[in-house]
Amino acid sequence: GQQLNQSPQSMFIQEGEDVSMNCTSSSIFNTWLWYKQDPGEGPVLLIALYKAGELTSNGRLTAQFGITRKDSFLNISASIPSDVGIYFCAGQRVATNKLIFGTGTLLAVQP
Amino acid sequence: EPEVTQTPSHQVTQMGQEVILRCVPISNHLYFYWYRQILGQKVEFLVSFYNNEISEKSEIFDDQFSVERPDGSNFTLKIRSTKLEDSAMYFCASTGDRYEQYFGPGTRLTVT
């Protein structure tokens, strides 16, 4: 089946540090989405990417759609304690609406 | 800001019982989805629904599952005869176009 592998699996950082995580696949995707999930809650959409090479920002978050269309990364600058959570990438292929979710990156931020 | 809502937040049921999970998608959205997340795992697609019919479903979505849009606002997922392995968080999502899916807070289903 289609797999989206995220790395790192977890990160433990100090407040103020920058964070980078990525998502890779053996398949091509036409859309990449990044979500944040807090414990016991639903995924919250952070950024959507639609074109290969696209770089999009949302506040302290920046995400890029890889040129090969098989990967994407998410950067968080100047992390704060409320950035804590699990970050999921999700890909969508052409002619389908379903999202394939990545394995997730757990982010812990120490004040 | 409009959001997807789900009820109940937690459902406990006995194995073999039927459950109905309810969702109210964002009002002007046209595409609706159910996903599930087993504890500690990634989110998995179950089914998508458009124009009053299923547009796509996964292998998880077998004959025990069904979806319905009984009126202009609700979207339901029914599990006819629950199994222990159906215990999970179930998320409803909706989108106004095909791409940006907005998720509800989820229903935690516990099958005993």
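Structure's up top.
Residues numbered from 1 in each chain as written. Chains lettered and ligands numbered in written order. Predicted model: local features only at pLDDT ≥ 70, side-chain atom pairs only at ≥ 80, totals over all residues. Heavy atoms only, no water.

Trainee: Hey, could you run me through the pairing of strand 5 (residues 44-49) of chain A in this one?
Mentor: The side chains of a regular strand alternate, residue by residue, between the two faces of the sheet. All names here are of chain A. In terms of burial, strand 5 is a largely internal element, 5 of the 6 residues being buried. Strand direction decides the pairing type here: strand 4 (residues 31-37) and strand 5, joined by 5 bridges, are antiparallel. The partner of tyrosine 35 across the bridge, within strand 5, is leucine 45. Linking strand 4 back to strand 5 in an antiparallel pair, the connection comprises 6 residues, with glycine 40 at a positive phi of about 75 degrees. (Buried < 20%, exposed > 50% of the residue type's maximum accessible area, 1.4 Å probe, protein only. Helix = DSSP H or I, 4+ residues; strand = E, 2+ residues; numbered from the N terminus. Pairing = 2+ DSSP bridges.)

Trainee: Looking at this structure, how should I read the state of the cysteines?
Mentor: All names here are of chain A. Counted under the stated rule, the structure contains 2 disulfides over all chains. The disulfide partner of cysteine 23 is cysteine 89, and the gap between their sulfur atoms is 1.9 Å. With the S-S bond torsion at 50 degrees, the cross-link from cysteine 23 to cysteine 89 turns out right-handed. Of this pair, cysteine 23 sits in strand 3 (residues 19-25) while cysteine 89 sits in strand 9 (residues 85-92), placing them 66 residues apart in sequence. Comparing cysteine 23 with cysteine 89 shows no difference in burial state: the two are buried. (Disulfide = S-S within 2.5 Å.)

Trainee: Help me out: how do you make sense of the pattern of salt bridges in this one?
Mentor: Within the structure shown, the criterion is met by 3 salt bridges over all chains. In this structure, the salt-bridge partner of A:Asp38 is A:Lys36, at a minimum N-O distance of 2.7 Å. Given a relative accessible area of 13%, A:Lys36 falls into the buried group. Close ionic contact of B:Arg36 with B:Glu44 constitutes a salt bridge, the shortest N to O distance being 3.3 Å. (Salt bridge = Lys/Arg side-chain N within 4 Å of Asp/Glu carboxyl O.)

Trainee: Looking at this model, I keep getting lost on the sheet that holds strand 7 (residues 65-68) of chain B. Mind explaining?
Mentor: Sheets are built from strands that pair by backbone hydrogen bonding, the pairs being arranged parallel or antiparallel. Residues and elements named next belong to chain B. Read from one edge of the open sheet, 4 strands run 1-3-8-7, paired in antiparallel fashion. Bordering the open sheet on either side are strand 1 (5-7) and strand 7, each of which pairs with just one other strand. With direction set aside, neighbouring strand axes in the sheet form an average angle of 20 degrees. Sheet topology places strand 7 next to strand 8 (residues 75-79); 4 bridges connect them, and they run antiparallel. Its bridge partner being in strand 8, glutamate 68 is matched across the sheet by threonine 76. (Axes fitted to C-alpha atoms, helices over the stretch in contact; angles between N-to-C directions.)

Trainee: What is the right way to look at the sheet that holds strand 1 (residues 4-7) of chain A in this model?
Mentor: All names here are of chain A. The sheet built from 5 strands is open, its strands ordered 1-3-8-7-6 with antiparallel pairing. On the outer flanks of this sheet lie strand 1 and strand 6 (55-58), each paired with one strand and no other. In this sheet, adjacent strand axes meet at a mean angle of 15 degrees when their direction is disregarded. Alignment of strand 7 (residues 61-65) against strand 8 (residues 71-76), held across 5 bridges, turns out to be antiparallel.

Trainee: What's the story with a nonpolar patch on the surface in this structure? I'm lost.
Mentor: Residue and element names in this part refer to chain A. A contiguous nonpolar surface patch, about 290 Å² in accessible area, is contributed by Phe12, Ile86 and Leu106. Along the chain, isoleucine 86 turns up in strand 9. Since its relative accessible area comes to 30%, isoleucine 86 is described here as partly exposed. (Patch = residues over 30% accessible without salt bridge, like charges linked within 9 Å, V, L, I, M, F, W, Y side chains within 5 Å. Areas by Shrake-Rupley, 256 points an atom, 1.4 Å probe, with all protein chains shown as cover.)

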